[in-house]
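What the coordinates show
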Amino acid sequence: MKNTYTIALAGNPNVGKSTIFNNLTGMHQHTGNWTGKTVANATGKSIIKGIEFTFVDIPGTYSIMSNSEEEEIARDYICFGNPDATIIVVDSTCLERNLNLVFQIMEITDNIIVCVNLLDEAEKKKIKVNLKKLEELLGVPVVGTIARDKNTLENLKDTIYKVCEGEIKPCAKEVKYMPEIEQNITVLSRKIEDEKNREKRSVQNKLLIEEKEISKKMYRWIAIKLIDGEEKILKSITENFELDLEEQEIKQSVTEAKQKLEKRKITSKNFKDKIVSNIMKRAEDVTKEVCTFENTDYKEKDRKIDKILTSKTFGIPIMILFLGIIFWITIVGANYPSEILFNIFNWIQDKLIALAKYIHCPTWISNLLIDGIYQTLTWIIAVMLPPMAIFFPLFTILEDLGYLPRIAFNMDGFFKKACCSGKQMITMCMGFGCNACGVTGCRIIDSPRERLIAIITNNFVPCNGRFPFLITIATIFIAGAFAGSNKILASILSTLAVVVVIIFGIFLTLIISKILSKTILKG
């Protein structure tokens, strides 16, 4: 019986993983709904039945096949971090998609707990998940939760304790691939295991042997990765397991396996596709057995909306319309609180001036403190705060409604033509809130070249700090010059001016990205 255990929390983005982490540990890790929101492991501790558990919130990812930074971090921790158990949080409303990650992790370890979260959302959509049947099909403990309700996590805590203490022994039922793939994986995994055992016998330091012990399940996974031939993963395996994958017999076995598979038209180019298709087929079959849908058309409404929001004809005009509406509400709405703040601050300023005269304060000091520092500070607050207080919630609503990913989808083609990643649109949207956040958000972009382009060009879109300035300039010079005393026309003109500036910023981002891609950052 150990005094402390380490538990990894894995899962797709936006499944409530960080919320569960916060409720288990009492910490306040920021929660968000974009890929790679957590791109470093967050840790927290909790006491369950007198034993200390360290929970590690690894990056949210759809896969651990090492296509991005968050996937590498997640994969490396699960494979080489030696957690005592791994909790995989899945979304009960789209179980099939989430089971992809579950089956990939089941290739690596048996000590898995599947946490089916968002059961309240599933209930709203009239989706029922048979948790006992799911547990039977997967061979690992399955627990249902509602992350926001701490009471539903008690069963999860109890399961974690029992798995770590050996009261529950998971036996993950891994995916069985096509017969020809399975046959070659089996032969190769045995060869790798024999080679490792030969190395053990030649090494005298027994402590080192125990530290680098590899499970039979892991040998199978290593065999798959050798056939796949992805260099980053193979390098990590070599470093962490001290396994010589360049040994002549292993290389010969890999070559023979590839040749046999090529005869069945399974090449290095489509091997991973075959693996993924088998996993997705298994996920589909399991989902059909455990999920029942009272309303089979529950996604129909969303699909109809998506067809309009992401269509080639209406997608971009709707995006511009939404931006216009947000800025119009911001401009019109900011006038009233700004006026109230100005009146309050002017009233306080009059009192401060009277106080300065009453105490016979030197004129130069009162001018410096009141007319200089105080007046400047209060004017900035009165002008900047109301637009920010209105714009941020409105932009958050768009994010919560899931419109930002659809904007990214609409703009993906334009960024591809500029030789950039479509994910750059997400970081650009984040830049509307804060350019610093947009720059840090560029870590979700896989390619270093594309990531650098996104960082360099992020400042071309105005951040929330610049919006009040743009709104003020537009109101004074554009609306003031053409609208006269007509307030409605003035607000419309101001909105149009700000939207034009933003569209110009997006256009400039694309142009500069294209130039960088063709010159100093070729790729």
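Everything below is about the structure shown above.
Residues numbered from 1 in each chain as written. Predicted model: local features only at pLDDT ≥ 70, side-chain atom pairs only at ≥ 80, totals over all residues. Heavy atoms only, no water.

1. Here's the deal with the sheet that holds strand 7 (residues 142–144)
Across the sheet, six strands lie side by side as 2-3-1-4-5-7; this open sheet has mixed pairing. If you trace the sheet from one side to the other, it starts and ends with strand 2 (42–48) and strand 7, each paired once. Each neighbouring strand pair of the sheet contributes to a mean axis angle of 25°, computed without reference to strand direction. Where strand 1 (residues 4–11) lies against strand 4 (residues 85–91), five bridges are found, and the strand directions are parallel. Bridge assignment links alanine 8 to a residue of strand 4, and that residue is threonine 86. Its contacts with the sheet place helix 5 (residues 131–138) against strand 5 (112–117) and strand 7, and it is angled at close to 155° to strand 7. (Pairing = 2+ DSSP bridges. Helix = DSSP H or I, 4+ residues; strand = E, 2+ residues; numbered from the N terminus. Axes fitted to C-alpha atoms, helices over the stretch in contact; angles between N-to-C directions. Contact = heavy atoms within 4.5 Å.)

2. Description of the packing of helix 9 (residues 216–228) against helix 10 (residues 231–241)
Two numbers describe how helix 9 lies on helix 10: the axes approach to 10 Å, and their chain directions differ by 145°. The two elements helix 9 and helix 10 meet at a crossing, and its hand is left-handed. Where helix 9 abuts helix 10, its residues Met218, Trp221, Ile222, Lys225 and Leu226 lie against Ile233, Leu234, Ile237 and Phe241. The class makeup of the residues in the contact of helix 9 with helix 10 is eight nonpolar, no polar and one charged. (Left-handed = near helix turned anticlockwise from the far one by under 90°. Nonpolar A, V, L, I, M, F, W, Y, C, P; charged D, E, K, R; others polar.)

3. Some remarks on the packing of aromatic side chains
The full count for this structure, using the stated rule, is four aromatic pairs. Judged by centre distance (5.3 Å) and plane angle (70°), the ring pair of phenylalanine 80 and phenylalanine 241 falls under edge-to-face. With phenylalanine 80 in helix 2 (residues 69–80) and phenylalanine 241 in helix 10, this pair connects stretches of sequence that are 161 residues apart. Neither residue differs from the other here; phenylalanine 80 and phenylalanine 241 are each classed as buried. Among the aromatic side chains, those forming a connected cluster through ring pairs are Tyr5, Phe53 and Phe55. (Phe/Tyr/Trp six-rings, centres within 6.5 Å; stacked < 30°, edge-to-face > 60°. Buried < 20%, exposed > 50% of the residue type's maximum accessible area, 1.4 Å probe, protein only.)

4. Overview of the pattern of salt bridges
A full pass over the atoms with the stated rule returns 28 salt bridges. Its salt-bridge partner being aspartate 76, residue arginine 75 comes within 2.4 Å of it at the nearest N-O pair. Ionic contacts of the salt-bridge type, sharing partners, join the residues Glu107, Asp110, Glu174, Lys176, Glu182, Lys217 and Arg220 into one network. (Salt bridge = Lys/Arg side-chain N within 4 Å of Asp/Glu carboxyl O.)

5. Some details on the nonpolar core
By size, the foremost hydrophobic cluster in this structure holds 66 residues, and its most contacted members are Phe103, Val114, Leu138, Ile222, Leu226 and Ile237. Here this core takes eight residues from helix 9, the largest share from any one element. Contacts of isoleucine 222, omitting those with residues within four sequence positions, involve Ile192, Ile214, Ile237, Phe241, Leu243 and Leu245. Core analysis: the second largest hydrophobic core is formed by 36 residues, Ile318, Phe327, Phe391 and Leu521 among them. (Core = buried A, V, L, I, M, F, W, Y, C linked by side-chain atoms within 4.5 Å.)

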